[in-house]
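Structural overview for review
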Amino acid sequence: MHNSALQIGFVGGGNMAGAMLAGLLRAGHPADKLQVADPNAERRAQLEKLGQRLVIVADNAEAISGADIIVLAVKPQLMSAVAQALQPGPQQLIVSVAAGISLAAMRDWFGPAQPCVRSMPNQPALVGAGMSVLCAAPGVSNIQRTQAEYLAGAAGATAWVDDEDLMDAVTAVSGSGPAYFYLVMEILEDCARDMGIPADVARQLAVQTAHGAGLAAREADTAPGELRRMVTSPGGTTQAAIEVLQQGGLDKLLRQALTAARRRSLELGGRKSD
Ligand SMILES: NC(=O)c1ccc[n+]([C@@H]2O[C@H](COP(=O)([O-])OP(=O)(O)OC[C@H]3O[C@@H](n4cnc5c(N)ncnc54)[C@H](OP(=O)(O)O)[C@@H]3O)[C@@H](O)[C@H]2O)c1
């Protein structure tokens, strides 16, 4: 079956589901093959704006009926109750996008034979520039992997990991990662204003510079370190700044930050950090 013929049912129609639905529609997925359930009438009204022929319902069982893929997109703390009330068919592929919900929990809820994939997206999915990392339970077929990748790919780039334990590190790097870059943008903007640059221009300089650097790094064949060296001429302005960042311990600080995020992810999943 071609991926665009897949029937996809979303359980929970919030921000992440909305981003994925918007991405699927942008990619040309037929609206009448997308079903979404959300108990919140206001939210359902918002989802209607995405596409007229979307199937938008209040009842989760209705949203998953006939679906090839079921996307679990409710908050992690609701997931156990919501998942256990579902009665998926044995062939339905379940993809959870909830932070910290393990494949073992999904196996407990749906049984060992149910094909399940765990996905960790990030916030830029909202503009189609997300990064989703996927991990499949044993027994998920290659076709189902391709289907999960098609779904996640509608919201940005995708990668797979085989070892589920890596999902905590993934959460620390790409899950929480957008916030690290926003923080740098906040500081650049603030500093630009302090240096006398008008507020609107200061915002533009911070945001467009981050956007440009991200885009250049993504398009380049070389590593970000090489791009950095290309803008750092000896004895120049960039070198003066980079020396301050390096001497102030930016590398060490970021490593500590990522370690803390990974530890917190382990704790939230009820596991101990090593
Ligand atoms: N947003 C992100 O950047 C991001 C990144 C990575 C992973 N995720 C994951 O994506 C999942 C959804 O996050 P989100 O940001 O999209 O949250 P959200 O905007 O709160 O969306 C969740 C939606 O589910 C609805 N809901 C509540 N109870 C439900 C039920 N029993 N059945 C069906 N739907 C129900 C909520 O309605 P009410 O508002 O009425 O409760 C809400 O509209 C989470 O598990 C999160 O970990 C999100």
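Here's a quick rundown of the structure. (Residues numbered from 1 in each chain as written. Predicted model: local features only at pLDDT ≥ 70, side-chain atom pairs only at ≥ 80, totals over all residues.)

Once that is clear, we can look at the nonpolar core. Core analysis: the largest hydrophobic core is formed by 54 residues, its most contacted members being F10, V11, M20, V36, V71 and L72. Sorting elements by how many residues they give to this core places helix α1 (residues 15–26) first, with 7 residues. If near-sequence neighbours (up to four positions away) are discounted, L72 is found in contact with V11, M79, A83, I94, S96, V97 and A98. (Core = buried A, V, L, I, M, F, W, Y, C linked by C-beta atoms within 7 Å. Buried ≥ 20, exposed ≤ 12 C-beta atoms within 10 Å, placed from the backbone. Helix = DSSP H or I, 4+ residues; strand = E, 2+ residues; numbered from the N terminus. Contact = placed C-beta atoms within 7 Å.)

What follows covers the sheet that holds strand β3 (residues 55–57). For sheets, the rule is that strands pair by backbone hydrogen bonds, running either parallel or antiparallel. If you trace the 8 strands from one edge of the open sheet to the other, you get β3-β2-β1-β4-β5-β6-β7-β8, paired in mixed fashion. Looking at strand neighbours, the two that pair on one side only are β3 and β8 (156–160), the edges of this open sheet. The sheet shows a mean angle of 20° between the axes of neighbouring strands, taken without regard to direction. The sheet contact formed by strand β1 (residues 8–11) and strand β4 (residues 69–72) spans 4 bridges and is parallel. Opposite F10, over in β4, you have V71 as the bridge partner. Strand contacts of α1: β1, β2 (34–37) and β4, with the helix running at about 165° to β2, the strand carrying the most contacts. (Pairing = 2+ DSSP bridges. Axes fitted to C-alpha atoms, helices over the stretch in contact; angles between N-to-C directions.)

What follows deals with the environment of N40. Inspection of the secondary structure assignment puts N40 in the loop between β2 and α2 (41–48). Each C-alpha atom of the pair N40 and A67 lies 21 Å from the other, and the pair is 27 residues apart in sequence.

Glancing now at helix α12 (residues 250–268). In this model, α12 (19 residues) spans 27 Å end to end at C-alpha, consistent with the 27 Å of a helix rising 1.5 Å per residue. Regarding α12, the residues found buried are A261, R262 and S265. Burial along α12 is one-sided: seen end-on, the buried residues are contained in an arc of 95°. Opposite its buried face, α12 presents the exposed residues K252, L253 and Q256, each directed more than 90 degrees away. Looking at the buried positions of α12, the neighbouring elements they touch are α7 (167–175). Of the residues trailing α12, G270 is marked for its positive phi of about 75°. (Expected span 1.5 Å × (residues − 1). Arc of directions from axis to C-beta.)

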